[in-house]
Amino acid sequence: MEIQTLSPEVVNQIAAGEVVERPAHLVKELVENSLDAGATEVEVELDEGGRQVRVRDNGKGISPEDLALALSRHATSKIHVADDLWHLNTYGFRGEALASISAVSDLSLISRRQGAESAYELKSHYGSLIEPIPVGGEEGTLVWIRDLFANLPARLKFLKSDQAETTQIRNVLKAMALASPEVNFRVRCKGKLLHYWPGTGDPIERCQLVLDHEPLYFCEGEENGFKVKAVFSAPHQVVGNNRQIWIFVRGRWVNDRGLATAVMEAYRNLLMHGEYPVVALWLDCPPDEVDVNIHPTKSQVKFRQQPQAFRAVVHVLRAALEKAPWLSGILQDQTVSASHQHVLDSDRSLSVEITPPTLKFEDQELTRTQYQQKSGWAPRSPSQVKEPTISLEDLRRAAQVSVHAPDDSTPEAGEALATKGKWSSLQVLGQAHLTYIVAQSDDSLVFVDQHAAHERVAFEDLMAAWKDGKIEVQNFLLPLTFNLDPEQIEALMEQVPYLEKMGLAVEQMGPESVAVRSAPALLKESGIAKALKWLGEEIVDKGGSFALEKVIADLCATMACHSVVRAGQALSLEEMKGLLREMDRHPLSSFCPHGRPVFVEYPFSKLERDFGRIV
Ligand code: ADP
Ligand code: MG
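None of the values given here were measured: they were computed from a predicted structure.

Colleague: It is not clear to me how the packing of aromatic side chains should be interpreted in this structure. Could you clarify?
Modeller: In this description, a pair of aromatic rings is defined by centroid distance and the angle of the planes. Taken as a whole and judged by the stated rule, the model has 7 aromatic pairs. Between Trp423 and Phe599, the aromatic rings sit 5.0 Å apart at their centres with planes inclined by 70 degrees, giving edge-to-face as the arrangement. Pair noted here: Trp423 is in the loop between helix H15 (411-415) and strand S16 (427-432) and Phe599 is in strand S22 (residues 599-603), with a separation of 176 residues, a long-range link. For the residue pair Trp423 and Phe599, the accessibility class agrees, reading buried in each case. Above the plane of the ring of Trp144 lies Arg146, whose end atom (NZ or CZ) is 4.3 Å from the centre.

Here it is in structure tokens:
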């Protein structure tokens, strides 16, 4: 006989390799057990890079007769029948973790049920059990692991330095703490307190503490049965990698590239290349919408309707970003500034009253010439500007949108209510370096990059025109035909009505070819094939209208950049005020489409400190 059934010892070691490949996985399993047991206090102590671990909780505990079962494979209190897998409300369900861990360590399980008289301890030495005995102990459970992998020298060799393993463990613990903000966590390493995260009902507070990043903002919303909650950073408060995007699906920390992409999608055009936001995202949905049983460490899930999940995340987060909550702390609200607004109506009296004497911006013309003389800097004449300069007016005409008088309260303007009036309520002091609008609010000096600001406005106008189907279209007398992958063609064909709204009329000609009857005038004929292929790929990957918007947003960003006022262009006071009013028409006006900030702000309190007026 060649084929043999493996001994339970070998089976356990194989399974342990999957479930507890590294100490961090082990810690995750133990803490998940504590949370499943309803603990409100979890304490983790580490040593030797996680080869010694103690996890203590105040959960419901395990009765003495169940102790041995807890350590046996496929023994769980969390599910009973296969169907339960689709209605999970616990982290654990396989009944494997403790069995696997006990096969590769020296383990003590000490537990006292709530209300029980005594705690009991069950010891396991690499899988062989010693009869439970009563011991002293609090209500709840303590799992104590020593000499992890000592019986598997081969596996020990795969462990990284103690420090690297500890970092992994801390990462896992951060995730657990973000998943359960209401639970108290204490983390000790080599006897020293590393983290204390007190339980809180406030997700922002928890995230700021655990992720060590502030300020952060909160949003929530629901779409197609997907409930989204997120704590997020402003697009100008970013980090250099995507490791601060934390995703939880039904409370479970997952590594889901699709949802991480959705988060980035929400920040589209707000970040520069290589910038990533800080985001904790909690996605909730009916349990049968996700399969959590597709990965040994349960760190990945599969959605029944991935595109819907993706969309819900983008929409909720994007809407929150469009409200630009960080602005409310920086620029004043219209309501607050009512009196200020009143003064603003008569600029002359204002400049006398408020303009600090050291800033001589009263006479715009004079200031500008003086400035040029002083700095030896002259504006470029139009002929020196290489790119064709289209004015905002031209741009609007091209997009066939009506131009609103700045003070007009149009229905569209209602969308921008969150930030409405903030920019125009600033008092313009002048233009600096022919590049920046210098303005002030009640409590700060604000510098606005005129190019970035105008670019943002033009971009939003273009996007709006596109969305309203008001974009200029070129019709082809003879349809252009292209070859594409059948999969991409199929994806494109599902989006035909949406494509048409965008001016793109596409028809399937054969299994691998499509004909284009019309396209947005902005697309070069030679670029259409590339755009279609890109579009097809994006729709296959991410589904639906997002792909389209992404392509269009990129186009609009490029267009907008080449069509607006440049740095080095003199602006009159009226033009500057007009530009600020324009900015109020759109949400998100604090970043240009390429992600550069539109404004920089100096609080007077900082100036006062710098001048030694306050200490
Ligand atoms: P699973 O979590 O998949 O059920 P485990 O091997 O992690 O499998 O745990 C086995 C069982 O032991 C659990 O179903 C639970 O009943 C019990 N258990 C484990 N840890 C704890 C704990 N900290 N508090 C209470 N019960 C626990
Ligand atoms: Mg478990």
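So, next bit.
Colleague: How should the environment of Pro511 be read in this particular structure?
Modeller: By the element assignment, Pro511 lies in the loop between strand S20 (505-510) and strand S21 (513-520). Judged by relative accessible area, Pro511 falls into the exposed class, the value being 64%. Along the backbone, Pro511 and Leu484 are 27 residues apart, and their C-alpha atoms lie at a distance of 8.8 Å. Among all residues touching Pro511, those that are not within four sequence positions of it are Pro486 and Ile489.

Colleague: I would appreciate a short explanation of unusual backbone geometry in the present structure.
Modeller: Where the residue is not glycine, phi is negative for most of them; where a peptide bond is considered, it is trans in most cases. With an omega of 0 degrees, the peptide bond running from Glu214 to Pro215 counts as cis. Inspection of the secondary structure puts Pro215 in the loop between helix H7 (203-211) and strand S9 (217-223). Backbone geometry at Lys190 places phi at a positive 50 degrees, although glycine is not the residue there. Along the chain, Lys190 turns up in the loop between strand S7 (184-189) and strand S8 (192-197). One non-glycine residue, Arg250, adopts positive backbone phi at about 50 degrees. Within the element layout of this structure, Arg250 appears in the loop between strand S11 (245-249) and strand S12 (252-254). Given the relative accessible area of 25%, Arg250 is considered partly exposed.

Colleague: Got a minute to help me understand the site of ligand 1 in this structure?
Modeller: Around ligand 1, the structure places 19 residues, and the nearest of them are Asn33, Thr76, Ser77, Lys78 and Gly95. At a separation of 2.8 Å, an oxygen atom of ligand 1 approaches a polar side-chain atom of Asn33. Within the side chain of Thr76, a nitrogen or oxygen atom sits 2.6 Å from an oxygen atom of ligand 1. For the shell around ligand 1, the secondary structure elements donating two or more residues are helix H2 (23-36) and helix H4 (97-103). Among the residues forming the shell around ligand 1, the class breakdown is 7 nonpolar, 8 polar and 4 charged.

The rules behind the values
Residues numbered from 1 in each chain as written. Chains lettered and ligands numbered in written order. Predicted model: local features only at pLDDT ≥ 70, side-chain atom pairs only at ≥ 80, totals over all residues. Heavy atoms only, no water. Phe/Tyr/Trp six-rings, centres within 6.5 Å; stacked < 30°, edge-to-face > 60°. Helix = DSSP H or I, 4+ residues; strand = E, 2+ residues; numbered from the N terminus. Buried < 20%, exposed > 50% of the residue type's maximum accessible area, 1.4 Å probe, protein only. Lys NZ or Arg CZ within 6 Å of the ring centre and 35° of its normal. Contact = heavy atoms within 4.5 Å. Near = heavy atom within 4 Å. Polar contact = N/O pair within 3.5 Å; in protein donor to acceptor, adjacent residues only side chain to side chain. Nonpolar A, V, L, I, M, F, W, Y, C, P; charged D, E, K, R; others polar.

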